[in-house]
Amino acid sequence: MAVKPKNKAEVNRLFADLLSFEDGDLDIIPFAQQLQKKLNELKINIDISPIIADEQESYDRQQKSISSIAADENGSFTTSYGDKVNQEDYETLQEYTKNFKSEQAELWNTATLGAENAADAIQMYKEALNSSSSRLSVMPSSEYLTNNESFKQDMIPRTSCMNRKSRMPPHPNPETI
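What counts and how
- Residues numbered from 1 in each chain as written.
- Predicted model: local features only at pLDDT ≥ 70, side-chain atom pairs only at ≥ 80, totals over all residues.
- Heavy atoms only, no water.
- Helix = DSSP H or I, 4+ residues; strand = E, 2+ residues; numbered from the N terminus.
- Buried < 20%, exposed > 50% of the residue type's maximum accessible area, 1.4 Å probe, protein only.
- Contact = heavy atoms within 4.5 Å.
- Expected span 1.5 Å × (residues − 1).
- Core = buried A, V, L, I, M, F, W, Y, C linked by side-chain atoms within 4.5 Å.
- Phe/Tyr/Trp six-rings, centres within 6.5 Å; stacked < 30°, edge-to-face > 60°.
- Arc of directions from axis to C-beta.
- pLDDT = per-residue confidence, 0-100.
- Salt bridge = Lys/Arg side-chain N within 4 Å of Asp/Glu carboxyl O.

*Asks:* Any chance you could explain the overall build of the protein here in plain terms?
*Replies:* Across its full length, the protein holds eight helices and two strands. The order of helices and strands in the protein, counted from the N terminus, is α-α-α-β-β-α-α-α-α-α. Relative to its full complement of 177 residues, the protein shows a buried share of 31%. Across the protein, contacts joining residues at least 24 apart in sequence account for 59% of those joining residues at least 6 apart.

*Asks:* What am I meant to see in helix α3 (residues 53–69) here?
*Replies:* Each α-helix winds once per 3.6 residues, and so residues spaced three or four apart point in a common direction. For α3, spanning 17 residues, the distance from its first C-alpha to its last is 24 Å, which sits close to the expected 24 Å at 1.5 Å a residue. Those residues of α3 that fall on the buried side of the exposure criterion are E55, S58, Q62, Q63, S65, I66, S67 and I69.

*Asks:* When you look at the nonpolar core in this model, what are you seeing that I'm missing?
*Replies:* Side chains of a nonpolar character, in soluble globular proteins, are inclined to be buried together. One finds F15, L18, L35, L39, I48, L93 and W108 to be the most contacted residues of the largest nonpolar core, which totals 32 residues. For this core, the elements supplying multiple residues, two or more each, are α1 (5–19), α2 (28–41), α3, α4 (87–97), α5 (102–111) and α6 (118–136). For this core, the leading source of residues is α2, giving six residues.

*Asks:* It is not clear to me how the packing of aromatic side chains should be interpreted in this structure. Could you clarify?
*Replies:* By convention here, two paired aromatic rings are described through the distance between centres and the angle between planes. On inspection of all chains with the given rule, the structure shows eight aromatic pairs. Measuring from ring centre to ring centre gives 5.4 Å for F77 and Y90, while their planes differ by 40 degrees; the resulting arrangement is tilted. In this pair, F77 sits in strand β1 (residues 77–78) while Y90 sits in helix α4, placing the two residues 13 residues apart along the sequence. Here the aromatic rings of F100 and W108 are separated by 6.1 Å at their centres, their planes lie at 65 degrees, and the arrangement is edge-to-face. Each member of the pair, F100 together with W108, is buried. Among the aromatic residues, ring-to-ring pairing joins Y96, F100, W108 and Y125 into one connected group.

*Asks:* Teacher, can you tell me more about α1 here?
*Replies:* With 15 residues, α1 should reach 21 Å at 1.5 Å per residue; the first-to-last C-alpha distance of 22 Å fits that figure. Those residues of α1 lying buried are N7, V11, L14, F15 and L18. One side of α1 holds all its buried residues, which, seen down the axis, span an arc of 95 degrees. For α1, the exposed residues lying more than 90 degrees away from the buried face are P5 and A9.

*Asks:* What is the right way to look at the confidence of the model for the protein in this model?
*Replies:* Caution applies to low-pLDDT parts of the model: their predicted coordinates are not meant to be read in detail. Within the protein, residue pLDDT values average 81, and 74% of them lie at 70 or more. When mean pLDDT is taken per element in the protein, α4 scores highest with 95 and helix α8 (residues 149–159) scores lowest with 50. This stretch, residues 136–140, has a pLDDT under 50; its non-local contacts, to residues over four places away or in other chains, come to one contact. Ignoring residues within four places in sequence, the model shows residues 156–162, a span with pLDDT below 50, making four contacts including any to other chains.

*Asks:* How do you make sense of the environment of L129 when you look at a structure like this?
*Replies:* Position of L129 among the secondary structure elements: in helix α6. For L129 and W108, which are 21 residues apart along the polypeptide, the C-alpha to C-alpha distance reads 8.8 Å.

*Asks:* Help me understand the pattern of salt bridges, please; the structure alone is not making it clear to me.
*Replies:* Side chains that differ in sign of charge can pair as their charged atoms come close. Considering all chains together, one arrives at six salt bridges under this definition. Among the ionic pairs, D25 bridges to K101, the shortest N-O distance being 3.5 Å. Of this pair, D25 sits in the loop between α1 and α2 while K101 sits in the loop between α4 and α5; the two residues are 76 residues apart in sequence, bridging distant segments of the chain. Note on D25: relative accessible area 12%, which makes it buried. Judged by its relative accessible area of 36%, K101 is partly exposed. Between K98 and E95 there is a salt bridge whose closest N-O contact spans 2.8 Å.

Pasting the structure below:
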């Protein structure tokens, strides 16, 4: 699986770009798909799907939610999942959710259960967003969390391995790249 010297800089740049995405950024999915395609073209056998697994799962659930909201047995539009939908509702929801991060997608999935159309879903999401924003206003300040020793002792061990870099497959010997 050695990377040819002429491709080394490009491959390194692509992986650096991949790692520059923040956890939960759903924009990583199309980038990762392009990266995987490029790696395959270069005959580099690395599966990057574990790196984006959380984001892919959130994205897939969001897409299924959108399809179920816009579902229409007589719809003239078929999604990539094979669902027949009302095209106008589907496109409205795709546009509305296109820049969502994982946390927003998860709130969307929960908040829009039972929505019957795009307008209903968007209203339900906005209400849930407002409700969650009011709950967030009573959370402790970041200064308190940073300076509170019991919080740090309790939380840091749980979160220390929860980042994208820890989901990277083992890096091959740098001398073979």
